[in-house]
Amino acid sequence: MDEDALTLLTAVAVAALAAFVVGWAVRARLTARARRRQQRFFGLPDNSECLLVVSRDTGTDGAVARNDVFALLELAAVVKNCGAKAEVVSGESTRQGFGERTEFCLGGPMSNRRMAAHLHSLLPGVRVNTDSEPGPDRGAFTVGSERYRLENGSVEHVLLARLTAGEEGRPVFLACGQRSIAGQAAVRYLARHHVRLARKHGSGGSFVLLLRVVNSQAYGPDVVELVADVTRSATTARPKLTTSEEN
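Keep in mind that what you see is a predicted model, and the values were worked out from it rather than measured.

Rules of the game
Residues numbered from 1 in each chain as written. Predicted model: local features only at pLDDT ≥ 70, side-chain atom pairs only at ≥ 80, totals over all residues. Heavy atoms only, no water. Pairing = 2+ DSSP bridges. Helix = DSSP H or I, 4+ residues; strand = E, 2+ residues; numbered from the N terminus. Axes fitted to C-alpha atoms, helices over the stretch in contact; angles between N-to-C directions. Core = buried A, V, L, I, M, F, W, Y, C linked by side-chain atoms within 4.5 Å. Buried < 20%, exposed > 50% of the residue type's maximum accessible area, 1.4 Å probe, protein only. Contact = heavy atoms within 4.5 Å. Salt bridge = Lys/Arg side-chain N within 4 Å of Asp/Glu carboxyl O.

Looking at the sheet that holds strand E4 (residues 126-128)
Judged by pairing direction, the sheet is antiparallel, and its three strands sit side by side in the order E4-E5-E6 without closing on themselves. The open sheet terminates on both sides in strands that have one partner only, identified here as E4 and strand E6 (146-148). Geometrically, the sheet is characterised by an average inter-axis angle of 20° between neighbouring strands, direction not taken into account. With three bridges connecting them, strand E5 (residues 141-143) and E6 associate as antiparallel partners. Bridged to Val143 within E6 is Glu146.

Let's talk about unusual backbone geometry
Its identity as a non-glycine residue notwithstanding, Asn47 has a phi of 65°, on the positive side. In this fold, Asn47 is placed in the loop between helix H1 (3-42) and strand E1 (49-54). Even without being a glycine, Asn215 presents a positive backbone phi close to 50°. Structurally, Asn215 can be placed in the loop between strand E9 (207-214) and helix H5 (216-219).

Some words on the sheet that holds strand E2 (residues 85-90)
The sheet built from seven strands is open, its strands ordered E2-E1-E3-E8-E7-E9-E10 with mixed pairing. Strands with a single pairing partner mark the edges of an open sheet, and in this sheet they are E2 and strand E10 (224-229). On average, adjacent strands in this sheet sit at an angle of 20° to one another, irrespective of strand direction. Bridge count between E1 and strand E3 (residues 102-106): four bridges; the pairing is parallel. For Leu51, the partnering residue across the bridge sits in E3 and is Glu103.

Focus: the nonpolar core
Phe41, Phe42, Leu44, Phe104, Leu106, Leu190 and Leu211 are the most contacted members of the largest nonpolar core, which has 31 residues in total. For this core, the secondary-structure elements that each account for two or more residues are H1, E1, helix H2 (66-81), E3, strand E7 (155-163), strand E8 (172-177), helix H4 (180-201) and E9. Residue contributions to this core peak at eight residues, all from H4. Residues contacting Phe41, with those up to four places away along its chain left out, are Arg162, Pro171, Phe173, Leu190, His194, Leu197, Ala198, Gly202, Ser203 and Phe207. Residues Val89, Val128, Tyr148 and Val208 belong to the second largest nonpolar core, which totals 23 residues.

As for the pattern of salt bridges
If you walk through the whole model with that rule in mind, you get ten salt bridges. The salt bridge involving Glu49 is made with Arg101; its shortest N-O contact spans 3.4 Å. Here Glu49, found in strand E1, pairs with Arg101, found in the loop between E2 and E3; they are 52 residues apart in sequence, far enough to count as distant. According to the relative accessible area criterion, Glu49 is partly exposed, its value standing at 44%. Classification of Arg101 by relative accessible area gives partly exposed; the value is 22%. Residues joined in a network through salt bridges with shared partners are Glu49, Glu87 and Arg101.

Quick look at the structure:
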């Protein structure tokens, strides 16, 4: 190999190595930036702690509902990516305020006392029909003046919310579904679309979304539609109804 060819080969190798180093540095910077954005949205800086609050499975003694377990796995991946730590607790036993640690609360108000408290305190415009007797409105959500009924296995609604207690408070995420599979669908939606949600609502903004899970008996938690952004109506207290109006 003559000297010119060797010089050209060396120059090409150096240029390729330089391009690789620059590309690696750019990718590392973009990855780090995306991770910081994710940490800000979820309120999970490095080595922070969060609560995963789960409901009890109806008819069992302290067991976690099957779909809540799947939702926890989705959240565990989010927590790990943020470099944080999680503590799983029952909504029946949690006795603490909110804002000090990020919280993910799963389940409906009947099976999760913590969720019932959050709905009452943070979402006064939401009412959940908790009647034990069968009927067309059993499990229905009323948000503002709109009612959303449950159709088992066909149409199930879930409220996905990010709420904060002041500028310095860590967020509370709620996944309140008409069935547990709807809660799992909401958590999956949150994990997959957190970048878009942060762009639309801000990394520290509050929102309440009403989602619809379509044909869960065939598609599980995978087919989810956004029904509406109900932040205003959900966070605004409803006027008290008379006995006749409630019936």
